[in-house]
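So the chains spell out like this:
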Amino acid sequence: MKQHVVVYKKLPEDLLQRLRDEFEVTCFETVNAGNRAQFQAALATAQGIIGASLPIGNDLLEAAPLLKIASTVSVGVDNFDLDYFRKRGLMLAHTPGVLNEATADAIFSLILASARRVVELAEFVKAGKWKGSIGESLFGVNVHGKTLGMLGMGRIGGAVARRAHHGFGMKIVYHNTRPNPEAEASLAATYVTRDELFQQADFVCPMLPLTAQTERTIGAREFGLMKPSAIFINASRGRIVDEAALIEALQRKTIYGAGLDVFEQEPLPADSPLLQLPNVVALPHIGSATHETRRAMAELAVDNLIAGLRGAQPVHLAV
Ligand SMILES: NC(=O)C1=CN([C@@H]2O[C@H](COP(=O)(O)OP(=O)(O)OC[C@H]3O[C@@H](n4cnc5c(N)ncnc54)[C@H](O)[C@@H]3O)[C@@H](O)[C@H]2O)C=CC1
Ligand SMILES: O=C(O)C(=O)CO
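Scope of this entry: the structure provided in the associated data block. Please read these numbers as outputs of a predicted model, since none were measured by experiment. (Residues numbered from 1 in each chain as written. Chains lettered and ligands numbered in written order. Predicted model: local features only at pLDDT ≥ 70, side-chain atom pairs only at ≥ 80, totals over all residues. Heavy atoms only, no water.)

Describing the nonpolar core
For step 1, the next point in the chain: Among the nonpolar cores identified, the biggest contains 50 residues, and Leu-19, Ile-50, Ile-107, Ile-111, Leu-148, Met-150 and Val-160 are the most heavily contacted of them.
For step 2, the next point in the chain: Built from parts of two domains, this core gets at least three residues from each of domain 1 (4-98 + 292-309) and domain 2 (100-282).
For step 3, the next point in the chain: Leaving out residues up to four positions away in the same chain, Met-150 has contacts with Gly-157, Val-160, Ala-161, Val-173, Tyr-174, His-175, Leu-197, Cys-205 and Met-207.
For step 4, the next point in the chain: Counting 29 residues, the second largest nonpolar core, distinct from the first, contains Val-204, Met-226, Leu-260 and Leu-268. (Core = buried A, V, L, I, M, F, W, Y, C linked by side-chain atoms within 4.5 Å. Buried < 20%, exposed > 50% of the residue type's maximum accessible area, 1.4 Å probe, protein only. Domains from an automatic or database assignment. Contact = heavy atoms within 4.5 Å.)

As structure tokens, this is what we get:
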């Protein structure tokens, strides 16, 4: 009998066909309150699941007694309880690497847009307010030659730092779980303490996984350490930041601005104070959202799932 796979994200048709060739497949383009009961019922006979952007709590996993592998179409694995996977001996596969460059490009767009006030000034032009020379009050700040502080010098952090060093002549300071000799050799990056990073950087850019250790790791204390001219860039996960403290720092202008791709709650509620602030550039979690990169992520996730269900080792296992 064919094994059963539950898909909970829209996948390209040819990749779905690869799954259908080998498995019985049940698809949910999204899971919401309206179809959650059907999703849970489908899990009862599933050996594999594949998807993204849905917290898969242990209650759902308990409803999947035959499960062998979950394959997430993301590098972040914060939608899963890793200890539960270890205890049950389940595999959790993810998609590191293939999204590094697209995500680093998106982060650099946040750096440039925040520093040069691109969104604010584009709206100014569209509103018909450009009547003459704009004047100093609408000037931005330089990016080239400034100091980038990478909190987390992993795969994506390294790709951001490469752009900063080679493309923009920026000085790189970083803090990481352990020193990264390759970044130090190729990017002249300097390892600093966490506090030194917040104090020295013109652009503070965390690129950390969301874990119990990193949840709300940046708060009022850290914003207090930053320069009044510093810009905060976050495309890792919203919950690594105390968002209320960030809003306060931005409202009181104890920091210059922020470029954000991720938020405590996503989608960002329409009444979020962040949306009232001209010194904030907010994007809808688009770090990896290019056609090419999302395709590569979906392919890798399908490869991982198929390998796991065939009894082989998936290439990228988080657990
Ligand atoms: N906005 C978006 O669309 C995207 C967001 N992400 C997020 O970015 C995260 C990072 O991805 P990768 O660079 O592939 O991960 P990675 O594992 O290669 O890099 C993370 C780095 O953070 C370091 N680290 C972990 N905890 C730390 C701490 N407390 N202090 C200092 N350093 C610490 C690790 O040593 C590692 O070097 C993902 O987990 C995901 O949450 C990833 C892709 C797209
Ligand atoms: O891969 C991830 O973790 C994302 O956030 C989206 O690509």
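That covers the picture; the talk isn't over yet.
A word on the side chain of Asn-279
For step 1, the next point in the chain: Locating Asn-279 in the fold gives a position in the loop between strand S11 (257-260) and strand S12 (280-282).
For step 2, the next point in the chain: Sequence-distant contacts of Asn-279, defined by excluding residues within four places in its chain, comprise Leu-250, Ile-255, Tyr-256, Gly-257 and Ala-258. (Helix = DSSP H or I, 4+ residues; strand = E, 2+ residues; numbered from the N terminus.)

What about the site of ligand 2?
For step 1, the next point in the chain: Around ligand 2 lies a shell formed by Ser-74, Val-75, Gly-76, Leu-99, Arg-237, His-285, Ser-288 and Met-297.
For step 2, the next point in the chain: The backbone of Gly-76 places a nitrogen or oxygen atom 2.8 Å from an oxygen atom of ligand 2.
For step 3, the next point in the chain: In this structure, an oxygen atom belonging to ligand 2 sits 2.7 Å away from a side-chain N or O atom of Arg-237.
For step 4, the next point in the chain: When ligand 2 is considered free in solution it has 230 Å² of accessible area, and contact with the protein chains removes 85% of it.
For step 5, the next point in the chain: Of the residues that constitute the shell around ligand 2, the class distribution is 3 nonpolar, 4 polar and 1 charged. (Near = heavy atom within 4 Å. Polar contact = N/O pair within 3.5 Å; in protein donor to acceptor, adjacent residues only side chain to side chain. Areas by Shrake-Rupley, 256 points an atom, 1.4 Å probe, with all protein chains shown as cover. Nonpolar A, V, L, I, M, F, W, Y, C, P; charged D, E, K, R; others polar.)

Topic: the side chain of Asp-202
For step 1, the next point in the chain: Residue placement: Asp-202 occurs in the loop between helix H9 (194-200) and strand S9 (203-206).
For step 2, the next point in the chain: Given a relative accessible area of 12%, Asp-202 falls into the buried group.
For step 3, the next point in the chain: One polar contact links Asp-202 to Lys-227, side chain to side chain, over a distance of 2.9 Å.

Notes on the pairing of S9
For step 1, the next point in the chain: Side-chain alternation along S9 places Phe-203 and Cys-205 on one buried face and Val-204 and Pro-206 on a second face that is also buried.
For step 2, the next point in the chain: Here strand S6 (residues 147-151) runs beside S9; their pairing, made up of 4 bridges, is parallel. Its bridge partner being in S9, Gly-149 is matched across the sheet by Val-204.
For step 3, the next point in the chain: By the bridge criterion, 2 bridges tie S9 to strand S10 (residues 231-234) in an arrangement that is parallel. Paired with Phe-203 across the two strands is Ile-231, which belongs to S10.
For step 4, the next point in the chain: You can see the chain leave S9, run along helix H10 (residues 220-225) and come back into S10, and the turn it takes is right-handed. (Pairing = 2+ DSSP bridges. Right-handed = clockwise from strand over helix to strand, strands pointing away.)

Observations concerning the site of ligand 1
For step 1, the next point in the chain: Taken together, 23 residues lie around ligand 1, and Arg-155, Asn-176, Thr-177, Ala-235 and Asp-261 are the ones closest in.
For step 2, the next point in the chain: With respect to ligand 1, the backbone of Arg-155 contributes an N or O atom lying 2.9 Å from an oxygen atom.
For step 3, the next point in the chain: In the model, an oxygen atom of ligand 1 is placed 3.3 Å from a nitrogen or oxygen of the His-285 side chain.
For step 4, the next point in the chain: Burial of ligand 1 by the protein amounts to 84% of the accessible area it has alone, namely 870 Å².
For step 5, the next point in the chain: Of the residues contributing to the shell around ligand 1, the split by class is 9 nonpolar, 11 polar and 3 charged.

Observations regarding the packing of helix H5 (residues 100-116) against helix H7 (residues 155-168)
For step 1, the next point in the chain: The geometry of H5 relative to H7 is characterised by a closest axis approach of 9 Å and an angle of 55 degrees between their N-to-C directions. Classified by the interaxial angle, the pair formed by H5 and H7 is oblique. In the crossing of H5 with H7, the sense of the turn from one axis to the other is right-handed. Along the contact surface, H5 presents Asn-100, Glu-101, Thr-103, Ala-104, Asp-105, Ile-107, Phe-108, Ile-111 and Leu-112, while H7 presents Arg-155, Ile-156, Ala-159, Val-160, Arg-162, Arg-163, Ala-164 and Phe-168.
For step 2, the next point in the chain: The residue makeup of the contact of H5 with H7, split by class, is 10 nonpolar, 2 polar and 5 charged. (Axes fitted to C-alpha atoms, helices over the stretch in contact; angles between N-to-C directions. Parallel < 35°, antiparallel > 145°, perpendicular 65-115°, else oblique. Left-handed = near helix turned anticlockwise from the far one by under 90°.)

Some details on the environment of Asp-83
For step 1, the next point in the chain: Take Asp-83: it is sitting in helix H4 (residues 82-88).
For step 2, the next point in the chain: When the C-alpha positions of Asp-83 and Val-319 are compared, they lie 8.8 Å apart, and in sequence the two are 236 residues distant.

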